[in-house]
Structures are given as structure tokens and as C-alpha cells.
Amino acid sequence: MTGLNGFRHLPGYLSPPQQAELASQIRALLAAAPLYTPTMPRTGKPFSVRMSNCGPLGWVSDRKGGYRYQATHPVNGRPWPAMPAMLLEVWAEVAGYPAPPEACLINLYEAGAKMGSHRDEDEEDTAAPVVSISLGDDATFHVGGLQRAGPKRRLILKSGDVVVLGGAARMAYHGIDRIHPGTSRLLPEGGRLNLTLRRVSAARG
Ligand code: MD6
Ligand code: FE
């Protein structure tokens, strides 16, 4: 059994009506901040997920600039849209942190997309947890320890589930092995959306 303290999986945290409402709000904001295909630093290899963001800051990656947070969309140069209130509410309920999230990364997984094992480590403030919300198709998620090669636990994330990486698990390796196409009817085009809420700068005052 692996599992660092501070890893939490909250199955069915959002009800089906809440999931539908959140999915339609995300669809609306993606019209203003379209999904784009990020690329890896240096190699320029494309990610298999498409990304966008909402909130004051967004996480982006491309060959030239690498991993970073910025206030504007890398393709259209516009500020990211505001975070839907439901996201701020989920954070307030589960994060146990006295300041709101600054960034919400939106990942769209279509059939065949995955996310290699990684740590969320581009944030200055690691006292705050990272909170993720899944919508749409099921996914096989893995979470390990502080070393990439260590033992891993695998679980299925379903639409409406919330995952919290806080405390000792804040820097745990984790990723998505695969999605399970056709397992949810929430998103009309199928696929899976994962929304990752983060604090970027340390809360002051
Ligand atoms: C995903 N999730 O569920 C990928 N990161 O598609 C993450 O990378 C993640 O679920 C930090 C905290 C929770 C997560
Ligand atoms: Fe992550």
C-alpha cells in the first residue's frame, strides 16, 4: 500500500447536475480561451492533451519558453477568463487554505490521450494543495511517492470526482495512464476534462 499523507480522493464530490452546470460553464469559457496543443520544453514534442486555463494565471508550455505561468493565452494573447464560482467554492471547501486559487488548468483528454508521471512543481507556494476535478469519461490515475520510480497506486477517476494533493503528497508523482472512452455521457463529444486548481504565489497578509 503506497500513499503519502495529504492525498485525498473524493468520489462523486459534484452531483450530476453540478457536473452538467460546470461542464457548460467550461464550454462557454473555452470559446473565449480556446484549447491549444502545448509542446514540451526544448524538444517541442506535443502533449497528447489540449489545454486552456481560467483565473488570473494560466499554466502554459512551449518549446521556447518552457513550463510557466502567465496572465494571457499563448495563442490569442488575451487575459484568461474568470474562474467559475463553483471552482472557487470547491477550493474553499476542500483546500484548507486561506486564499483562493490563482490558476485553473483545463486539460482535455480525447481517446488515446494520457499524462506522463509528473510533479506539480512550478508553483512558489507549496503550502497550498493542488485540487483537481474530473468531468466526462473515466480515467486510470496513478499516484506514487516522491521518486518517479517508486511504487504506485492506481485508481479510476470518474466524472464529479475531486482529488487533493496536499501535505506530504503535494510533491508526489502522479499521472494519467489512459482514459476509458464512452464511459460518460456528460460531454457531448466524449472525452475527459480535468480542471486543476492551484495557488501560484504564496499568500501574504
Ligand atoms: C488529471 N491530474 O487528472 C491529471 N495534478 O488529468 C493532475 O495532474 C493532478 O489530479 C495535481 C493534483 C491533482 C491532479
Ligand atoms: Fe498534476
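Look a little higher up for the structure.
Residues numbered from 1 in each chain as written. Chains lettered and ligands numbered in written order. Predicted model: local features only at pLDDT ≥ 70, side-chain atom pairs only at ≥ 80, totals over all residues. Heavy atoms only, no water.

Draft legend 1. Main features of the sheet that holds strand β8 (residues 138–143). Strand order in the open sheet formed by 4 strands is β6-β11-β8-β9, and the pairing between neighbours is antiparallel. Either end of the sheet is taken by a strand with one partner, and the two such strands are β6 (115–118) and β9 (153–157). The average angle at which neighbouring strand axes cross in this sheet is 20 degrees, direction not considered. Pairing of β8 with β9, which is carried by 5 bridges, proceeds in the antiparallel orientation. (Pairing = 2+ DSSP bridges. Helix = DSSP H or I, 4+ residues; strand = E, 2+ residues; numbered from the N terminus. Axes fitted to C-alpha atoms, helices over the stretch in contact; angles between N-to-C directions.)

Draft legend 2. Broad picture of the packing of aromatic side chains. All told, the structure shown has 3 aromatic pairs when counted by the stated rule. Seen from their ring centres, F47 and W59 are 6.3 Å apart, and the 70 degrees between their planes marks the pair as edge-to-face. Placement of the pair is F47 in the loop between α1 (16–32) and β2 (50–54) and W59 in strand β3 (residues 58–60), with a sequence separation of 12 residues. W59 matches F47 in its accessibility class, with the two residues each being buried. Ring geometry for W59 versus Y67: centroids 5.1 Å apart, planes at 40 degrees, classification tilted. According to the relative accessible area criterion, Y67 is partly exposed, its value standing at 38%. Each member of the aromatic cluster is reached from another via a ring pair, and the members are F47, W59 and Y67. The ring of Y109 has R192 sitting right over it, with the charged end atom 5.0 Å from the ring centre. (Phe/Tyr/Trp six-rings, centres within 6.5 Å; stacked < 30°, edge-to-face > 60°. Buried < 20%, exposed > 50% of the residue type's maximum accessible area, 1.4 Å probe, protein only. Lys NZ or Arg CZ within 6 Å of the ring centre and 35° of its normal.)

Draft legend 3. Focus on the state of the cysteines. Applying the stated criterion across every chain, the model contains 0 disulfides. Here C54 is not cross-linked by a disulfide; its sulfur's nearest cysteine counterpart is in C104, at 3.9 Å. Assessed through its relative accessible area of 0%, C104 is described here as buried. (Disulfide = S-S within 2.5 Å.)

Draft legend 4. Seen up close, the environment of R68. Here R68 shows up in strand β4 (residues 68–70). The exposure class of R68 is partly exposed, given its relative accessible area of 23%. Sequence-distant contacts of R68, defined by excluding residues within four places in its chain, comprise G58, W59, V60, S61 and D62. A polar contact is formed between the side chain of R68 and the side chain of Q70, at a distance of 3.1 Å. (Contact = heavy atoms within 4.5 Å. Polar contact = N/O pair within 3.5 Å; in protein donor to acceptor, adjacent residues only side chain to side chain.)

Draft legend 5. Summary view of the nonpolar core. In this structure, L22, L87, I106, V131, I133 and L195 are the most contacted members of the largest nonpolar core, which totals 30 residues. Discounting residues that sit within four places of it in the chain, V131 has contacts with V90, W91, V94, A95, V162, V163, V164, L195, T196 and L197. Membership of the second largest hydrophobic core comes to 27 residues, among which are Y36, M51, Y69 and I179. (Core = buried A, V, L, I, M, F, W, Y, C linked by side-chain atoms within 4.5 Å.)

Draft legend 6. Expanded view of α1. Look at α1: 25 Å from first C-alpha to last across 17 residues, which is about the 24 Å you get at 1.5 Å a residue. Among the residues of α1, Q19, L22, A23, I26, L29 and L30 are the ones counted as buried. Along the axis of α1, the buried positions cluster into a sector of 130 degrees, meaning they face one direction only. In α1, the exposed positions angled more than 90 degrees off the buried face are occupied by P17, A28 and A31. Turning to α1, the residues buried within the fold contact β2, α2 (85–94), β5 (103–109), β7 (130–136) and β12 (192–198). (Expected span 1.5 Å × (residues − 1). Arc of directions from axis to C-beta.)

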